[in-house]
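# Fold and contact review
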Amino acid sequence: MKVFKSKLFLSVVFGVLAAAAAFAGDVPLKLQNFSQEELASLEAGEVLIRNIGNAKKVSLRPVNKTATQLVDTITELKPPYLVEIIQIIPYAGNEAVFNILRKELTDVESYVGIPYFGERTGRWYKLYSSAVIDSKTENAAKTDMQTRLEMSPFGIIPTHITIEQGADELFYSSVNTEPVKIQDSGVKVVDGMTCAKTDKMKSFVYAFRVDDKIYLYGLGGVDAPNVPVLKSKIDNSFINRVTTFCKFIFEKL
């Protein structure tokens, strides 16, 4: 039995090392923090979801100015709720990916139509109840929008969205511009509580090219009370929505 367990352990270790070796050139990610299954998902080109819950576990390396800005921002936020979504695709055949991403991310009204599965209820919903653009400025390099996104059980969340595009990268940022309160949750002791103060609920999508690959990286975090009475609500309503949003956008490419 001990021999069998030793062989099993070694096979797992070698499996992880082999998968990591396949990504030897993937400098942008801290692959040593990935499990064998996560490495296999990346190698297969699948969308990988990591509910990491701590800024120290972010896998993106500060390999350039934008990545550094993203890592610094989420480190400063110190969110107890944090999820990252990653996919690696070949550049060949996806040369227009940054233009497509910008088009999809700018179309805020279409966010409502994204299907969202409620794990607690086992039912399908719209990702947002409503999505409205209050103001918008745009040029070749940047789109800047003030929006209102309605998300249960938080109601309408005024949100500032920016999209910056370069030759080989695109950076999307979404941040709440007013406090977010829980409404009509079905739990009286929770309703009316502030879930996140202004600028404390943030979501990002960073797509960038490195050699012959494009990295699609989503990150969503909220600095909210990490207490049992709120945890499931925030996990279900924010973390799952960030995951759904990024997966939907990535799968359209």
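Residues numbered from 1 in each chain as written. Predicted model: local features only at pLDDT ≥ 70, side-chain atom pairs only at ≥ 80, totals over all residues. Heavy atoms only, no water.

Counted according to the given criterion, the structure contains eight aromatic pairs. Their ring planes at 35° and their centres at 6.3 Å tell us that Y111 and Y128 sit as a pair that is tilted. In this pair, Y111 is assigned in the loop between α4 (97-106) and β3 (115-118) and Y128 in the loop between β4 (123-126) and β5 (130-138), connecting sequence segments 17 residues apart. Note on Y128: relative accessible area 13%, which makes it buried. Between the NZ or CZ atom of R209 and the centre of the ring of Y91, over which it lies, the distance is 3.7 Å. (Phe/Tyr/Trp six-rings, centres within 6.5 Å; stacked < 30°, edge-to-face > 60°. Helix = DSSP H or I, 4+ residues; strand = E, 2+ residues; numbered from the N terminus. Buried < 20%, exposed > 50% of the residue type's maximum accessible area, 1.4 Å probe, protein only. Lys NZ or Arg CZ within 6 Å of the ring centre and 35° of its normal.)

Time to look at the nonpolar core. Of all hydrophobic cores here, the largest spans 47 residues; its most connected members are L105, Y111, Y172, M201 and F245. If you tally residues by element for this core, the top one is helix α5 (residues 228-251), at nine residues. Excluding anything up to four places from it in sequence, Y111 contacts E104, L105, L127, Y128, L149, I161, Y172 and F245. One finds L29, L31, L48 and Y215 within the second-largest nonpolar core, a separate group that totals 25 residues. (Core = buried A, V, L, I, M, F, W, Y, C linked by side-chain atoms within 4.5 Å. Contact = heavy atoms within 4.5 Å.)

Under the counting rule described, the total for this entry stands at one cavity of 30 Å³ or more. A volume near 240 Å³ is recorded for the largest cavity. Looking at the largest cavity, it is lined by 19 residues, and the ones nearest its centre are Y128, L149, S174, S203 and F238. Elements with a minimum of two residues in the lining of the largest cavity: β6 (142-151), β7 (155-165), β8 (169-176), β11 (201-210) and α5. (1 Å grid on protein atoms, 1.4 Å probe; cavity = no way out; pocket = protein on both sides within 12 Å on 5 of 7 lines; lining within 4 Å. Points joined across faces, edges and corners; volume = space filled by probe spheres on them.)

The next point concerns unusual backbone geometry. Excluding glycine, a negative phi dihedral is what most residues carry, and trans is how most peptide bonds are arranged. Geometrically, the link from S152 to P153 is a cis peptide bond, its omega value of 0° lying close to zero. Within the element layout of this structure, P153 appears in the loop between β6 and β7. Even without being a glycine, K78 presents a positive backbone phi close to 50°. Summarising the element assignment, K78 is placed in the loop between α3 (65-77) and β2 (81-90). A relative accessible area of 64% means that K78 is categorised as exposed. In the Ramachandran plot, D199 falls in the positive-phi region, its phi being about 70° despite a non-glycine side chain. Here D199 lies in the loop between β10 (194-196) and β11.

Moving on: the layout of surface pockets. Volume-wise, the second largest pocket comes out at about 210 Å³. Looking at the second largest pocket, the residues that line it are P115, F117, E119, N240, T243, T244, K247, F248 and E251. Mapped onto the lining of the second largest pocket, the elements with two or more residues apiece are β3 and α5. No other element matches the six residues that α5 contributes to the lining of the second largest pocket.

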